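Close look at the chain arrangement
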Amino acid sequence: MSKVETAGPVNPSPQYLEWLRRERRGHLTVRTTQLALLVAFLVLWEVAPRLDLINPLFTSYPSTIWPTFLEMLNATPQQASILTHTWATTLATVVGFTAAMVLGTAIAAALWWWNALYKVLDPYLVVANALPKTAFVPLFYIWLGATLSIYGMSLAISLFITILMIYSGFQGVDPNKIKLAQTFGATKGQILIKVVLPGSVPTLIATLKVNAGLSLVGVVVGEFQSATYGLGYLIQYGSQIFKMNIVMTAITILAIVSSLMYLAISWLESAVMRRR
Amino acid sequence: MQAPAGAGMAKVELRDVGLRYFGPEGETEALKGISLAVAPGEFVAIIGQSGCGKSTLLSLISGILQPTDGAVLVDGVPVSGPSRNVGYMLQQDYLFEWRTILDNAVLGAEIQGADMNAARARAAALLTRYGLGQFLNHLPRQLSGGMRQRVALARTLCTEPDVVLLDEPFSALDSQTRIALADEVAEILRRERKTAILVTHDIGEAVSMAERVIVLSRRPGRVKSDHAIRFNTADGKRPAPFAARNTPEFNGYFNALWQELEVHVEG
């Protein structure tokens, strides 16, 4: 009758050991292939311009990224340190997606609370979500100024999808769980706090994953237009003076920043899901 | 609350209760003209085919639905919303997967704003009595179906209701667990002198557990018949559900009810 987790066998059979070995080998193959792909890409990128297969003016070389990074560490009178740029972008992204999560959850809760409100706003939300928010970059610049427009774009690009995803998560909570709470006389607020919100945690985490990427897009695009700091600004600046090594370095840092954010969210996810 | 009618008052009473659902396609009459009374401590089963409004009837008694006609009374007082005196066990356990077993069991007390220390102690005692003492801090997914349904029973009884409504509480279980758990639940409810109303489509379950079986007609559900279930035992006590299944009376009741439900298939 009892269903308890299986413990590891005390005396593993040879077949089991063989299975473990195969599992490990399979895992190793995947990792090696992943690494090989990365190396192949970098080698191709390094070698192709040197053999005059592509114009190095357009692509630069991967070997220039690290020296460029070191060179840009120091602030000059014309240019802030690359760390300042990275920090500006990261901060704007984190602020943007945190604001999107908090505001989006609050709005989704309001829509859940007042069904009539949802019915009224539904078409507008869908259109607002489908609209390319980047079209608003110049407008935001005029309305909000250089710095705030970046935060604004980061929020705008992720807010509507957040509302829609979380609201549908709320709708997906088993109505029988809500009925159960009602049999105990739960108020609407109690149903929200004790059933709907905790029942939507997987959706909240999925939304967080989507938003981390989207907010970064919003920030970089915002920086193209208006910033004097940030990786988006560096990319714009580097391409204008045709210094592809700056562009490539900034893009590499973007890749690292987005990987780190993804890792942080995955860690949060496994921490939360261990309780389920 | 003082009983207005004095002794002999029904614990649960339905007076000419009707319920219609409203939808864009029109009205659906789920229940019509239902009148019945359940005495304190009585164990009543309500049977009928699926869709006859059995579960709706329990939702009305629990107060999460209001009748469109007639009145539902618990302890002589019209039901206007969920009451602490009435506990409701649903078809499945619906345990919250993010809460431990103990935290699930105290959910009702928590919602009702009861003293949580006392509720925790009560829930732990109930769970221990049901053989789950070592699983208090486990998560629902670590338990089997029968164990989970016992947690659901503890959750229902932790708020100390006088009336317990059971909506096919064993239907999600395999047949062996189902019969074993029916024994346990019937024993627990009788010992604690709860008034119990069990809704099921399983005739055997109804006859073996209840003192009275009420048959509902097809939609719109009405009371078709009302059978007292009596067993002649040596000690005069009612046998446990599993033992009741082996009595000669069981077969008699079973066949009578079977035929009554059969008539509906043809008619």
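Right, let's walk through the structure included here. Treat the numbers as computed from the prediction; the structure is a model and nothing was measured.

What to know about helix H4 (residues 116–129) of chain B
Residue and element names in this part refer to chain B.
- Given a rise of 1.5 Å per residue, 14 residues ought to cover 20 Å, and the 20 Å separating the end C-alpha atoms of H4 matches this to within 8%.
- Looking only at H4, the buried set comprises Ala119, Ala123, Ala124, Leu126 and Leu127. For H4, the arc enclosing every buried residue in end-on projection is 165°, short of the 170-degree limit, so these residues lie on one face.
- Check the buried side of H4 and you find it contacts helix H2 (101–105), helix H3 (107–111) and helix H5 (145–157).
- For H4, the N-terminal cap is Asp115; the gap from its side-chain oxygen to the backbone nitrogen of Asn117 is 3.1 Å.
- Note on H4: the residue one or two positions beyond its end, Gly131, has a positive phi of about 80°.

Things to note about the packing of aromatic side chains
Residue and element names in this part refer to chain A.
- All told, the structure shown has 12 aromatic pairs over all chains when counted by the stated rule.
- Residues Trp112 and Trp113 carry aromatic rings whose centres are separated by 6.3 Å and whose planes lie at 75° to one another, so their mutual orientation is edge-to-face.
- A network of ring pairs unites the aromatic residues Trp112, Trp113 and Trp114 as a single cluster.
- Taking the ring centre of Tyr61 as reference, the NZ or CZ of Arg50 above it sits at 4.3 Å.
- In this structure, Lys188 is placed above the aromatic ring of Trp112, and the distance from its NZ or CZ to the ring centre is 5.7 Å.

Observations regarding the sheet that holds strand S5 (residues 77–78) of chain B
All names here are of chain B.
- As summarised here, the arrangement of the four strands in space is S2-S1-S4-S5, forming an open sheet in which the pairing is antiparallel. Because the sheet does not close on itself, it has two edges, and the strands there are strand S2 (26–38) and S5.
- Strand direction decides the pairing type here: strand S1 (residues 12–23) and S2, joined by nine bridges, are antiparallel. Opposite Tyr21, over in S2, you have Thr28 as the bridge partner.
- Of the strands in this sheet, S1, S2 and strand S4 (69–74) touch helix H1 (residues 54–62), which is tilted by about 115° from S1.

Regarding the sheet that holds strand S7 (residues 163–167) of chain B
Residues and elements named next belong to chain B.
- Taken in spatial order, the six strands of this open sheet run S6-S7-S8-S3-S9-S10, and their pairing is mixed. The outermost strands of the open sheet, each flanked by one partner alone, are strand S6 (86–89) and strand S10 (223–228). Looking at each pair of strands side by side, their axes are set apart by 15° on average, direction ignored.
- Across four bridges, S6 lies against S7 in parallel orientation. Bridging from a neighbouring strand, Met89 pairs with Leu166 of S7.

Brief notes about the environment of Ile205 of chain A
Residue and element names in this part refer to chain A.
- Tracing the backbone through its elements, the reader meets Ile205 in helix H9 (residues 201–226).
- For Ile205, a relative accessible area of 5% puts it in the buried group.
- Distance in space between the C-alpha atoms of Ile205 and Met101 is 10.0 Å, their sequence separation being 104 residues.
- The residues contacting Ile205, other than those within four sequence positions of it, are Ile265, Glu269, Val272 and Met273.

Considerations on the packing of H9 of chain A against helix H11 (residues 244–273) of chain A
All names here are of chain A.
- At a minimum axis distance of 10 Å, the contact between H9 and H11 shows a crossing angle of 170°. The orientation of H9 relative to H11 falls into the category roughly antiparallel. Contact with H9, carried on its side by Val201, Pro202, Ile205, Leu208, Lys209, Ala212, Leu216 and Val220, involves Leu254, Ser258, Met261, Tyr262, Ile265, Leu268, Glu269, Val272 and Met273 of H11 and no other residues of that element.
- In terms of residue class, the contact of H9 with H11 is built from 14 nonpolar, one polar and two charged.

A few points about the pairing of S10 of chain B
Residue and element names in this part refer to chain B.
- Relative to S10, strand S9 (residues 212–216) runs antiparallel, the two sharing five bridges. Bridge pairing in S10 places Val213 opposite His227.
- What sits between the antiparallel neighbours S9 and S10 is a turn of six residues.

A look at the interface of chain A and chain B
- Contact residues are listed per partner, giving 24 residues for chain A and 29 residues for chain B.
- Overall, the association of chain A and chain B removes approximately 2,600 Å² of surface from exposure, summing both partners, and the carbon and sulfur fraction of that is 62%.
- Counting across the chain A and chain B interface gives two salt bridges.
- Where chain A meets chain B, there are four residue pairs in polar contact (both at pLDDT 80 or more).
- A per-element tally of the side of chain A that touches chain B places helix H7 (residues 175–183) of chain A first, with seven residues.
- Partitioning the side of chain A that touches chain B into residue classes produces eight nonpolar, seven polar and nine charged.

Things to note about the side chain of Gln79 of chain A
All names here are of chain A.
- Residue placement: Gln79 occurs in the loop between helix H3 (65–73) and helix H4 (82–113).
- In this structure the side chain of Gln79 is engaged in a polar contact, spanning 3.0 Å, whose partner is the side chain of His85.
- Residues in contact with Gln79, not counting those within four places in the same chain, are His85, Tyr233, Leu234 and Tyr237.

Parameters and conventions
Throughout this description, residue numbers start from 1 for each chain and increase along the sequence as written. Chains and ligands are labelled sequentially in the order written, the chains with letters from A and the ligands with numbers from 1. Note on the predicted model: pLDDT of at least 70 is required for a residue's local features to be given, and 80 or more for side-chain atom pairs to be given and counted; whole-chain, interface and lining totals, by contrast, use all residues. Side-chain descriptors were evaluated using all non-hydrogen atoms of the structure, hydrogens and water having been removed beforehand. By the criteria applied, helices consist of DSSP H or I runs no shorter than four residues and strands consist of E runs no shorter than two, each listed in order from the N terminus. Multiplying 1.5 Å by the residue count of a helix minus one yields the expected span of that helix. Exposure categories follow from relative accessible area, calculated using a 1.4 Å probe and restricted to protein chains: below 20% of the type maximum is buried, above 50% is exposed, and the middle band is partly exposed. Note that the arc is defined by the directions from the helix axis to the C-beta atoms. We call two residues contacting when some pair of their heavy atoms lies within 4.5 Å. Think of a polar contact as two N or O atoms within 3.5 Å of one another; within protein, one of them needs to be a possible hydrogen donor and the other a possible acceptor, and neighboring residues in sequence only count if both atoms come from side chains. The aromatic pairing rule takes the rings of Phe, Tyr and Trp, using the six-membered ring of Trp, and pairs them if the centres are within 6.5 Å, calling planes under 30 degrees apart stacked, those over 60 edge-to-face and the rest tilted. The rule is short: NZ of Lys or CZ of Arg within 6 Å of the ring centre and within 35 degrees of the ring normal puts a charge over the ring. Two strands qualify as a pair provided DSSP detects at least 2 bridges between them. Whenever a helix is involved, its axis is fitted only over the stretch in contact; in every case the axis is a line through C-alpha atoms, and angles between N-to-C directions fall within 0 to 180 degrees. Oblique is the label for any angle not covered by the other classes, which are roughly parallel (under 35 degrees), roughly antiparallel (over 145) and roughly perpendicular (65 to 115). When residues are sorted by character, Ala, Val, Leu, Ile, Met, Phe, Trp, Tyr, Cys and Pro go into the nonpolar class, Asp, Glu, Lys and Arg into the charged class, and all the rest, Gly among them, into the polar class. Two parts lose some accessible area (1.4 Å probe) when they are put together, and adding that loss for both gives the buried area. Only one rule defines a salt bridge in this text: a Lys or Arg side-chain nitrogen within 4 Å of an Asp or Glu carboxyl oxygen.

From the geometry alone we can't say anything about function, so treat these as descriptive.
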